Amino acid sequence: MTDYFSTNFTLGILGGGQLGKMLLYDTRKFDIKTKVLDPSAEAPCRISCDTFVQGDLMDFDTVYNFGKDVDVLTIEIEGVNLDALEKLESEGVKTYPQAATLRNIQNKGVQKDFYAAHEIPTAPYKRFESTEEAKSWVAANNWELPFVWKSCVGGYDGMGVKIVRELSDLDALANVPCIAEKMVPFKNELAVIVARSANGEAVSYPVVEMEFHPEANQVEYVICPARIDDAVAKKAREVALKASAAFGHVGLLAVELFQTEDDQILVNEVAPRPHNSGHYSIEASFTNQFEQHLRAVLGLPLGNTDSKVGGIMVNLVGAEGHTGQVRYENIAEIMALPGVTPHIYGKKITRPFRKMGHVTITNENLAEARRIAQEVKEKIRVISSHE
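Since we're looking at a predicted model, the values are computed, not measured. (Residues numbered from 1 in each chain as written. Predicted model: local features only at pLDDT ≥ 70, side-chain atom pairs only at ≥ 80, totals over all residues. Heavy atoms only, no water.)

Caption draft 1: Representation of the overall build of the chain in the model. Helices and strands together make up the secondary structure of the chain, namely 11 helices and 21 strands. Radius of gyration (C-alpha) of the chain: 21 Å, near the 21 Å computed for a compact globule of 387 residues. When each of the 387 residues of the chain is scored for burial, the buried share is 55%. Summarising the internal contacts of the chain: among those between residues at least 6 apart in sequence, 63% fall at separations of at least 24. Taken as a whole, the chain presents about 16,100 Å² of accessible surface, with 49% of it coming from carbon and sulfur. When the 40 basic and 53 acidic side-chain charges of the chain are each reduced to a single mean position, those positions are 2 Å apart. (Helix = DSSP H or I, 4+ residues; strand = E, 2+ residues; numbered from the N terminus. Rg over C-alpha atoms; globule rule 2.2 N^0.38 Å. Buried < 20%, exposed > 50% of the residue type's maximum accessible area, 1.4 Å probe, protein only. Contact = heavy atoms within 4.5 Å. Areas by Shrake-Rupley, 256 points an atom, 1.4 Å probe, with all protein chains shown as cover. Lys, Arg positive; Asp, Glu negative; His and termini not counted. Charge placed at Lys NZ, Arg CZ, Asp CG, Glu CD.)

So this is what it looks like as structure tokens:
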């Protein structure tokens with residue numbers, strides 16, 4: 001086995017945002033040398049890695065030259081140049097998740113086709129080369145309204161997703177490759193994180209429940225364990241493990257799911273990296289998702305995924321009407337509440353709905369944790385300092 005600890009072994013990370021920053025907490029814990037690539041000179045990772053490189057994640061030469069100097073290359077964002085990853089792989093650089101996995105995930109249309117081909121349950125959909133084509137097809141085939149429009153590439157945090165209630169809604173959307181997806185009547189939005197190591201060992205975390213902001217389509221609360229029947233939780237973990245096996249990824253796979261009105265489990269989409277739905281694990285789990293990602297990509301034994309305590313995560317996003325130098329209002333007040341731990345991502349500029357941090361609330365009693373989470377949400381504000 002490679003000696004990763006306190007040596008010149010170097011882990012490369014493509015992406016320097018908050019996920020990378022939290023991953024670096026655990027590389028520091030293990031004294032693993034790191035090198036990070038990100039387009040922003042202000043990336044949250046820049047202060048915690050051994051070497052920071054500023055550059056374009058979608059540029060072939062930048063990614064290829066960065067990856068040549070590392071022993072294992074991983075990601076904290078899917079939007080990376082896959083041709084460069086494939087060349088690195090062909091030259092013996094271990095890249096996890098692999099380029100082949102990312103090719104099936106990076107484009108949401110390809111991702112949906114992958115589910116259909118592998119008999120992974122997902123909502124009915126139709127794939128189009130452009131929004132105009134989608135509009136014509138929906139009109140000609142009298143497709144049921146409302147439905148969900150999703151951009152095939154470039155969407156994140158609720159961007160690139162729109163509920164189409166009437167055909168004219170499509171006129172305001174970008175004319176890009178997209179999918180139209182049937183609206184699924186669901187009781188809950190759930191998620192399961194699966195870790196898979198290079199030797200094929202796979203484990204899943206408990207099912208979490210996600211509560212969304214009604215306008216921004218961003219997760220407001222992640223609740224672990226999900227408040228669902230054991231049989232539904234078992235089915236959700238089985239579906240997530242099936243998806244993980246099909247993708248054959250190495251590292252983490254966050255599988256977002258719908259629990260339908262009749263308790264079917266459908267895959268919404270996946271992310272092949274640490275994920276917002278796993279942040280609760282830093283305080284609440286025996287092995288947090290970031291340590292688990294390291295264990296998986298380095299081929300180390302996977303850790304215990306059980307929770308030590310009930311956990312709820314609250315996203316801290318920029319308040320509406322506020323753009324500029326960030327200020328966190330009432331943070332001391334929320335830290336006075338029991339079981340509350342804030343995480344500030346290090347982004348200096350806030351704007352409406354930008355993810356600026358999160359807060360975890362741990363408690364033996366999940367209902368009490370949820371009550372405190374509500375209080376946190378109401379008290380803390382992420383505003384601009386000039387207000």
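Caption draft 2: Examining the sheet that holds strand E5 (residues 94-95) more closely. Pairing is parallel across the open sheet formed by five strands, whose spatial order is E3-E2-E1-E4-E5. Across the chains shown, the open sheet's two edge strands, defined by having one partner strand only, are strand E3 (51-54) and E5. (Pairing = 2+ DSSP bridges.)

Caption draft 3: Fine view of the sheet that holds strand E7 (residues 147-151). The strand order across the open sheet formed by four strands is E6-E9-E7-E8, and the pairing between neighbours is antiparallel. The sheet is open, and its two edges are formed by strand E6 (125-128) and strand E8 (161-164), each paired on a single side. Across the sheet, the mean angle separating the axes of adjacent strands is 20 degrees when strand polarity is ignored. Strand direction decides the pairing type here: E7 and E8, joined by four bridges, are antiparallel. (Axes fitted to C-alpha atoms, helices over the stretch in contact; angles between N-to-C directions.)

Caption draft 4: A look at the nonpolar core. Ranked by size, the top nonpolar core spans 23 residues in total, and within it Val207, Leu257, Val267 and Val270 carry the most contacts. Looking at this core, the elements that each hand over two or more residues are helix H5 (108-117), strand E10 (186-196), helix H7 (230-247), strand E14 (251-260) and strand E15 (265-271). Element by element, the count of residues in this core is highest for H7, at seven residues. Ignoring any residue separated from it by four or fewer positions in sequence, one finds leucine 257 in contact with Asn188, Glu189, Leu190, Val192, Ala236, Val239, Ile265, Leu266, Val267 and Asn268. Judged by nonpolar contacts, the second largest core, of 21 residues, contains Phe9, Leu19, Met22 and Leu24. (Core = buried A, V, L, I, M, F, W, Y, C linked by side-chain atoms within 4.5 Å.)

Caption draft 5: Representation of the side chain of threonine 101. Its place among the elements puts threonine 101 in helix H4 (residues 99-103). Leave out the neighbours within four places in its chain, and threonine 101 touches Phe247, Gly248 and His249.

Caption draft 6: View of the pairing of E15. Taken across its seven residues, E15 has seven buried, putting it largely inside the fold. Between E14 and E15, which pair antiparallel in sequence order, lie four residues; one of them, aspartate 263, sits at a positive phi of approximately 65 degrees.

Caption draft 7: Expanded view of the pattern of salt bridges. Within this structure, the stated rule accounts for 25 salt bridges. For glutamate 269, the salt bridge identified is with lysine 150, shortest N-O distance 3.6 Å. Linking glutamate 269 in strand E15 with lysine 150 in strand E7, this pair joins segments that are 119 residues apart in sequence. The pair formed by glutamate 269 and lysine 150 is uniform in burial state, with each residue classed as buried. Lysine 187 is the salt-bridge partner of aspartate 263, the closest N and O atoms lying 2.8 Å from each other. Of this pair, aspartate 263 sits in the loop between E14 and E15 while lysine 187 sits in strand E10; the two residues are 76 residues apart in sequence, bridging distant segments of the chain. On the basis of relative accessibility, which here comes to 22%, the residue aspartate 263 falls in the partly exposed class. One connected set of salt bridges, linked through shared partners, spans Lys108, Lys112, Lys150, Glu181 and Glu269. (Salt bridge = Lys/Arg side-chain N within 4 Å of Asp/Glu carboxyl O.)

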